[in-house]
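These are the residues of each chain, in order.
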Amino acid sequence: QLQASGGGLVQAGGSLRLSCAASGSIFRINAMGWHRQAPGKRRELVAIFKSGGSTNYADFVKGRFTISRDNAENTVYLQMNSLKPEDTAVYYCNAAGTVYPGIPFNSWGQGTLVTVSS
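Please read all numbers here as calculations on a predicted model, not as lab measurements. (Residues numbered from 1 in each chain as written. Predicted model: local features only at pLDDT ≥ 70, side-chain atom pairs only at ≥ 80, totals over all residues. Heavy atoms only, no water.)

Q: Got a sec to walk through the nonpolar core? Specific residues and values, please.
A: Within the largest apolar cluster, 28 residues are counted, with the highest numbers of intra-cluster contacts made by W34, L78, M80 and Y91. At the level of elements, strand 1 (2-5), strand 3 (16-22), strand 4 (28-37), strand 5 (44-49), strand 7 (65-70), strand 8 (75-80), strand 9 (89-100) and strand 11 (112-117) are the ones that each hand at least two residues to this core. (Core = buried A, V, L, I, M, F, W, Y, C linked by side-chain atoms within 4.5 Å. Buried < 20%, exposed > 50% of the residue type's maximum accessible area, 1.4 Å probe, protein only. Helix = DSSP H or I, 4+ residues; strand = E, 2+ residues; numbered from the N terminus.)

Q: Explain the packing of aromatic side chains to me, and be specific about the residues and the numbers.
A: Per the counting criterion, the structure on display carries 0 aromatic pairs. Sitting above the plane of the Y77 ring, R17 keeps its charged end 4.1 Å from the centroid. Taking NZ or CZ as reference, R43 lies 3.7 Å from the ring centre of Y92, over its face. (Phe/Tyr/Trp six-rings, centres within 6.5 Å; stacked < 30°, edge-to-face > 60°. Lys NZ or Arg CZ within 6 Å of the ring centre and 35° of its normal.)

Q: Now, about the sheet that holds strand 3: what can you tell me, with residues and values included?
A: The antiparallel open sheet is built from 4 strands, whose spatial order is 1-3-8-7. Pairing within the sheet leaves two strands with one partner each, and these edge strands are strand 1 and strand 7. Adjacent strand axes in the sheet meet at a mean angle of 15°, parallel and antiparallel pairs treated alike. (Pairing = 2+ DSSP bridges. Axes fitted to C-alpha atoms, helices over the stretch in contact; angles between N-to-C directions.)

Q: Could you give an account of the side chain of T75, with specific residues and numbers?
A: The residue T75 is located in strand 8 in this model. A polar contact of 3.0 Å, which involves the side chain of T75, links it to the backbone oxygen of E73. (Polar contact = N/O pair within 3.5 Å; in protein donor to acceptor, adjacent residues only side chain to side chain.)

Q: Lay out the environment of V90 in plain terms, naming residues and giving numbers.
A: Inspection of the secondary structure puts V90 in strand 9. Sequence separation between V90 and R36 is 54 residues; the distance between their C-alpha atoms is 5.5 Å. Once residues within four sequence positions are removed from consideration, V90 is found in contact with H35, R36, Q37, G111, T112 and L113. (Contact = heavy atoms within 4.5 Å.)

Q: Please set out the state of the cysteines residue by residue, giving values where relevant.
A: Evaluated as defined, the whole model comprises 1 disulfide. Between C20 and C93 runs a disulfide, and the two sulfur atoms are separated by 1.9 Å. One disulfide, between C20 and C93, carries an S-S torsion of -85° and so falls in the left-handed class. Here C20, found in strand 3, pairs with C93, found in strand 9; they are 73 residues apart in sequence, far enough to count as distant. As far as burial versus exposure is concerned, C20 and C93 are alike and both buried. (Disulfide = S-S within 2.5 Å.)

Q: So what about the pattern of salt bridges? Which residues, and what values?
A: With the rule as written, the count across this model stands at 4 salt bridges. Between R36 and E44 there is a salt bridge, with its nearest N and O atoms 3.0 Å apart. Under the relative-accessibility criterion, R36 is labelled buried at 6%. According to the relative accessible area criterion, E44 is partly exposed, its value standing at 31%. Linked by salt bridges that have partners in common, R36, E44, R64 and D87 make up one network. (Salt bridge = Lys/Arg side-chain N within 4 Å of Asp/Glu carboxyl O.)

Q: Residues and numbers for unusual backbone geometry, please.
A: Phi is positive for N74, close to 50°, though the residue is something other than glycine. Here N74 shows up in the loop between strand 7 and strand 8. With phi around 50°, S82 is a residue other than glycine that occupies positive phi space. Among the secondary structure elements, S82 is positioned in the loop between strand 8 and strand 9. Overall, S82 belongs to the partly exposed group, its relative accessible area being 40%.

Below you can see the structure in the form of C-alpha cells.
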C-alpha cells in the first residue's frame, strides 16, 4: 500500500514537497517514484529511483525537481521547485518489487493534486 501526501495549491515559482510511504508486506523495492497525469493527457514519468539507487528524471523537471528516499522507512520524496503552471497534475506514487522472493508487486498510490497558479 502506498500513501502519498503533500500536494496543494502554489503560485508559479513556488515549491512543494511530496511524500510517499510504502507499507505492508514488502521484501524488496526495486523501483519507486512519481508519475503525473494532467487533465486530458496521458500519465507520464516524473522521477524514479531504480534498483541500485540510480535515478531517472523526465527532461521537463531536470534541474527543478529532486527525488530522494528513506530506505529504512520505504519512503520517497519529491522536492519540486520553480513550479510552473504546466506542472499542474495529479501526481501518483508507484512502487515495484517483491513481497516475497519471486512474488512481484506493482502498486500505485491514490494520487495527490498539485495545482500551480500563474
